[in-house]
Amino acid sequence: MSEDPFVAHRSLLFTVAYEMLGAAADAEDVLQESWLRWADVDRSQVRDPRAYLVRTVTRQALNRLRTMSRSREEYVGEWLPEPLLTSPDVAEDVELAESVSIAMLTVLETLGPTERAVFVLREVFEMPYGEIAEAVGKSAAAVRQIARRAREHVAARRPRVQVSRSEQQAVVERFLAALRTGQLQELLDVMAPDVVLIADGGGLAAAAPAPIHGAELVAKMLARPDRVVSTVWLNGAPAGRIEIDGRLAAVSLVVENGKVTRIHAMANPRKLTRLDEPVELAR
């Protein structure tokens, strides 16, 4: 008996849902809802199961994204995506790694639900405009306009400089080494003067309620030696796993010109449940 298309494409479907929602638990809920709909479909009428399933997941993710808008508005402090433990292999697909990076998902959060869906399906998964139109309930012409606006929006907010995997890894290792020692000067040396720290505690863990700007302020906040720091691969990039007094946090970095320019620190315990088992992502 051949493998069910839903099972065969599950990693792809999860990736679509996760990129649209930025939360693994919500993505899993969307997959469950989509599976129930798939179970009721007459398979003989489905010409392209992969495209059909992507459309189904997109619709369910859009529904959830629209209902989540209020809870995001009421969220305590800064909101950051849920980090996922991934294998280093994800970084081999440069476009996939960039699309699931914490930095990119944070940018996607500034798009409206339909714009986000169109951007993800077109720019990441290269779906034809006609299929995207069917998924989001718009005309193909409207989808083209939405895609153009979304690209411009993302381009204005994404990191200005693309760095190589080796440079990214080297700077991340320097930063994490400085965190281990807690030495102020070592932290200052690896950060850009205008570095920004964004922390997400969700009201459940200690975190700055607003972004912190400037290397001196950020370094003073981070310069403490009483922590266990290890290197992990999160969302397709080298990152940090930090334990302080039994509490867990994850740190993802944006690197430009050999310096850390942005620090995303996730401390909300509800968002740190995917750091022990690698998640399969696919395009």
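This write-up is about the structure you can find in this document. The model shown is predicted, which means the values in this text are computed figures rather than measured ones.

1. What to know about the pairing of strand E1 (residues 191–200)
Among the ten residues that make up E1, eight are buried, leaving the element largely enclosed by the rest of the structure. Across six bridges, E1 lies against strand E6 (residues 259–266) in parallel orientation. Residue pairing in the sheet places Asp200 in a bridge with Met266 of E6. Pairing of E1 with strand E2 (residues 212–213), which is carried by two bridges, proceeds in the antiparallel orientation. In the strand pairing of E2, Leu197 is matched with Ile212.

2. Re the packing of aromatic side chains
Taken as a whole, this structure holds three aromatic pairs when the rule is applied. When the ring of Phe14 is compared with that of Tyr18, the centres are 6.0 Å apart and the planes differ by 5°; the resulting orientation is stacked. Of the two residues, Phe14 and Tyr18 are both situated in helix H2 (residues 10–21); the distance of four residues between them amounts to about one turn of the helix. As far as the burial class goes, Phe14 and Tyr18 line up, both buried. Residues Trp38 and Tyr52 carry aromatic rings whose centres are separated by 5.8 Å and whose planes lie at 50° to one another, so their mutual orientation is tilted. In this pair, Trp38 is assigned in helix H3 (residues 24–39) and Tyr52 in helix H4 (residues 49–73), connecting sequence segments 14 residues apart. The class for Trp38 is buried, based on a relative accessible area of 2%. A relative accessible area of 26% means that Tyr52 is categorised as partly exposed. Lying over the aromatic face of Tyr129, Arg122 brings its terminal NZ or CZ to 4.1 Å of the ring centre.

3. Quick look at the environment of Gly130
Looking at the element boundaries, Gly130 is found in helix H8 (residues 129–136). Overall, the relative accessible area of 43% leaves Gly130 in the partly exposed class. C-alpha separation for the pair Gly130 and Val143, spaced 13 residues apart in sequence, amounts to 8.4 Å.

4. Here's the deal with the sheet that holds E1
Paired through their backbone hydrogen bonds, the strands of a sheet run either parallel or antiparallel. Spatial strand order, E2-E1-E6-E5-E4-E3: six strands in an open sheet with mixed pairing. Only two strands of the sheet have a single neighbouring strand rather than two, namely E2 and strand E3 (228–234). Alignment of strand E5 (residues 247–256) against E6, held across seven bridges, turns out to be antiparallel. Paired with Leu253 across the two strands is Ile263, which belongs to E6. On top of the sheet, helix H10 (residues 165–181) reaches E1, E3, strand E4 (237–244), E5 and E6; it is set at about 160° to E3, its chief contact. Each of E1, E2 and E6 touches helix H12 (residues 215–222); the most contacted strand, E1, lies at about 50° to it.

5. Here's the deal with the nonpolar core
By size, the foremost hydrophobic cluster in this structure holds 51 residues, and its most contacted members are Phe14 and Leu108. Counting residues per element, the ones that place at least two in this core are H2, H3, H4, helix H6 (102–108), helix H7 (113–124), H8 and helix H9 (140–157). Residues contacting Phe14, with those up to four places away along its chain left out, are Ala24, Ala27, Glu28, Leu31, Leu84, Val279, Glu280 and Leu281. Counting 29 residues, the second-largest nonpolar core is a separate cluster that includes Leu187, Ala215, Val260 and Ala265.

The rules behind the values
- Residues numbered from 1 in each chain as written.
- Predicted model: local features only at pLDDT ≥ 70, side-chain atom pairs only at ≥ 80, totals over all residues.
- Heavy atoms only, no water.
- Buried < 20%, exposed > 50% of the residue type's maximum accessible area, 1.4 Å probe, protein only.
- Helix = DSSP H or I, 4+ residues; strand = E, 2+ residues; numbered from the N terminus.
- Pairing = 2+ DSSP bridges.
- Phe/Tyr/Trp six-rings, centres within 6.5 Å; stacked < 30°, edge-to-face > 60°.
- Lys NZ or Arg CZ within 6 Å of the ring centre and 35° of its normal.
- Contact = heavy atoms within 4.5 Å.
- Axes fitted to C-alpha atoms, helices over the stretch in contact; angles between N-to-C directions.
- Core = buried A, V, L, I, M, F, W, Y, C linked by side-chain atoms within 4.5 Å.

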